[in-house]
Every structure is written in structure tokens, then in C-alpha cells.
Protein chains: 2
Amino acid sequence: MNITIRQLQVFRTAALLGSFTRAAKHLHLTTPAVSKQIRKLESECKLHLFEQSGRCVNLTQQGKRLLEQAAQVDNEMKLLKQMVRDESVGSEVSFSE
Amino acid sequence: MNITIRQLQVFRTAALLGSFTRAAKHLHLTTPAVSKQIRKLESECKLHLFEQSGRCVNLTQQGKRLLEQAAQVDNEMKLLKQMVRDESVGSEVSFSE
DNA sequence: GACGCTTACGCTAGTCGTAACCATG
DNA sequence: CATGGTTACGACTAGCGTAAGCGTC
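Residues numbered from 1 in each chain as written. Chains lettered and ligands numbered in written order. Predicted model: local features only at pLDDT ≥ 70, side-chain atom pairs only at ≥ 80, totals over all residues.

Check the secondary structure of chain A and you find 4 helices and 2 strands. For chain A, the spread of C-alpha atoms along the principal axes amounts to about 50 × 25 × 20 Å. A total of 97 residues make up chain A; the buried ones form 29% of that total. Look at the contacts in chain A between residues 6 or more apart in sequence, and 43% of them connect residues 24 or more apart. (Helix = DSSP H or I, 4+ residues; strand = E, 2+ residues; numbered from the N terminus. Buried ≥ 20, exposed ≤ 12 C-beta atoms within 10 Å, placed from the backbone. Contact = placed C-beta atoms within 7 Å.)

And the structure:
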């Protein structure tokens, strides 16, 4: 069970946008990259996250639950990065990113 | 600013055990691996995390603050993994890990 | 036939271990 | 001189892009 922040980030984007292609554009990636990250996450979790109905993808029930929890993790991670940013401003030159 | 779960995990272990070598043993890694992860995390955050006093390492003030926030992230991540584990048990065979 | 997800293949970057090095007690 | 952190180097894995394939409208 090796879940990465990156996988959750890609998963969340795809879930919220309802499309791998749109998620890819939003993250400045390609569709295959998104597809593979999702697939890897699914194999790590041993869960079906998306259901392909026609030409668009929808979250499964398990996917929805994971999405909620992933949002929590993402939120804490955002707080951490914000804190890091505040700290580094006080001590040395902060390079814009 | 590309911070990974892995880096935070290694950082937390090293901080709590007060030693890179002990952290390495605890995580089934080698000392250089731990040292490099910490160093990479420091360069990503642009923060000094550890202060080497003699032959043992101690957290700086910034390090202590990061440790607290890292614990929050780790906690949410643990909840996520727990949730995943519960879900996958209900749907298919769960391989022990 | 256009759009969207998937698979195959190659490349680059990240991660780890072994070995050698340096500093401290 | 024993212990602990760092640097150098090589091997392995992961992540991404391009190209080609397949199904749906």
C-alpha cells in the first residue's frame, strides 16, 4: 500500500473535473499520465475508483469515499506548505514558485 | 516545493528518534538514504530542520513546527489508509501487507 | 470520424545501497 | 578508534510523453 500525494492529487482533479483529459490539462500533464496514476492508485488500494459509462468516467461509491478522505489529506498538506512558506520568508530569501 | 509523504515520514522518524541511523533501522533503510531524504526536504522547504550538535542531531525551532504539521498530515494519511483497508476487505480478497 | 480512455515503448529523474570520507568523543 | 552523518557512484524503479489502439457518440 504505497499511496503518494501525487496520486491523490491526480485522483482528486480527475474526480472533480469528471474527465481524465481535463484533469491532464489542468495539471499540465497528458491523458496517459493521468490514466496510469489512477490505475496505479487503484491497484495500490485494491479498489475500483471510476466507472466508465459511455465516454465519460464517474466515481464509484468507494471512489467518493476516498475522495473525501483525500481532500482531508490534501488540506493538511496545503497547511503544511503554507507554514513552510511563512517560515522560509522570515529566515531567508523566498524564491517565487 | 515538491514535498512527498515519504520525506515527511523519514523526517518524523528521524526527529522522534533523534538519530538518522536509528531512523534508518526503524524504516529498514540505510543511513545515507535517510540523510539524503532529509537534505532534499530541507532544500525543498528552504529550511534548516536539524542542528548537528556533536554527534547527535537536534531539531531547530523551524524543525519542531514542521514536525507538528507533518504529524497532522501523517494522521490524515493513516486514516485514509485505514479507510481503504476497510473498503477493500468488503469487496474482494485482501492480501496481507 | 471525432473524442476519450488505454496500452506499448523509450527516456529522464528520483530512490536506495555499497563504499569511502570526515568529524566528534 | 569507534560512532554517526555526508558524499560519490552505480543499479533499480517510478513518472512522463509520443504514438498507436479501441470503444462510444
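Each partner contributes residues to the interface: chain B has 26 residues there, and chain A has 25 residues. With 16 residues, the single largest contributor to the side of chain B that touches chain A is helix H4 (residues 61–91) of chain B. Among the residues forming the side of chain B that touches chain A, the class breakdown is 13 nonpolar, 6 polar and 7 charged. (Nonpolar A, V, L, I, M, F, W, Y, C, P; charged D, E, K, R; others polar.)

What follows covers helix H3 (residues 31–45) of chain B. Residue and element names in this part refer to chain B. Look at H3: 21 Å from first C-alpha to last across 15 residues, which is about the 21 Å you get at 1.5 Å a residue. Of the positions making up H3, those classed as buried are Val34, Gln37, Ile38, Leu41 and Cys45. Relative to the axis of H3, the buried residues are bounded by an arc of 95° and lie together on one face. Those residues of H3 that are exposed and angled more than 90 degrees off the buried face are Pro32, Arg39 and Ser43. (Expected span 1.5 Å × (residues − 1). Arc of directions from axis to C-beta.)

Before going further, it helps to examine the protein's contact with DNA strand C. Not every one of the 21 residues close to DNA strand C is listed here, only the nearest: Thr21, Pro32 and Ser35 of chain A together with Ala33 and Gly54 of chain B. Those elements that provide at least two residues to the surface near DNA strand C are helix H2 (20–26) and helix H3 (31–45) of chain A together with H3 of chain B. Considering every element that reaches the surface near DNA strand C, the biggest residue donor is H3 of chain A, with 5 residues. (Near = placed C-beta within 6 Å.)

What follows is about the relation of the copies chain B and chain A. One copy of the chain maps onto the second through a rotation about an axis and a displacement along it. Of the two same-sequence chains, chain B is brought onto chain A (RMSD 0.1 Å, axial shift 0.0 Å) by a rotation of 180°. In the structure described here, the two chain copies are related by an operation that fits a two-fold rotation axis. The overlap is high: 96% of the interface residues of chain B also sit at the interface in chain A, so the same surface is used on both sides. (Least-squares fit on C-alpha atoms with pLDDT ≥ 70 in both.)

Looking at chain direction, strand S1 (residues 50–53) of chain B and strand S2 (residues 56–59) of chain B are connected through 4 bridges and run antiparallel. Across the sheet, the residue bridging to Gln52 of chain B is Val57 of chain B, located in S2 of chain B. (Pairing = 2+ DSSP bridges.)

Before going further, it helps to spend a moment on the packing of helix H1 (residues 5–17) of chain A against H3 of chain A. Residues and elements named next belong to chain A. For the pair H1 and H3, the least separation of the axes is 9 Å and the interaxial angle reads 115°. With respect to H3, the axis of H1 lies roughly perpendicular. The handedness of the crossing between H1 and H3 comes out as left-handed. In this structure, H1 uses Arg6, Gln7, Val10, Phe11 and Ala14 to contact H3, whose residues at the interface are Val34, Gln37, Ile38, Lys40 and Leu41. Partitioned by chemical class, the residues of the contact of H1 with H3 number 6 nonpolar, 2 polar and 2 charged. (Axes fitted to C-alpha atoms, helices over the stretch in contact; angles between N-to-C directions. Parallel < 35°, antiparallel > 145°, perpendicular 65-115°, else oblique. Left-handed = near helix turned anticlockwise from the far one by under 90°.)

Moving on, we get to the protein's contact with DNA strand D. Close contacts around DNA strand D come from 21 residues, with Ala33 and Gly54 of chain A together with Thr21, Pro32 and Ser35 of chain B the closest. At the level of elements, H3 of chain A together with helix H2 (20–26) and H3 of chain B are the ones that each hand at least two residues to the surface near DNA strand D. Counting residues per element, the surface near DNA strand D draws most heavily on H3 of chain B, which supplies 5 residues. In the surface near DNA strand D, the residues fall into 6 nonpolar, 9 polar and 6 charged.

Low pLDDT means the predicted coordinates in that region are not meant to be read closely. Across chain A, pLDDT averages 90, with 91% of residues at or above 70. Considering only residues more than four positions removed or in separate chains, one finds that residues 93–97 of chain A, a stretch of pLDDT under 50, has 3 contacts. (pLDDT = per-residue confidence, 0-100.)

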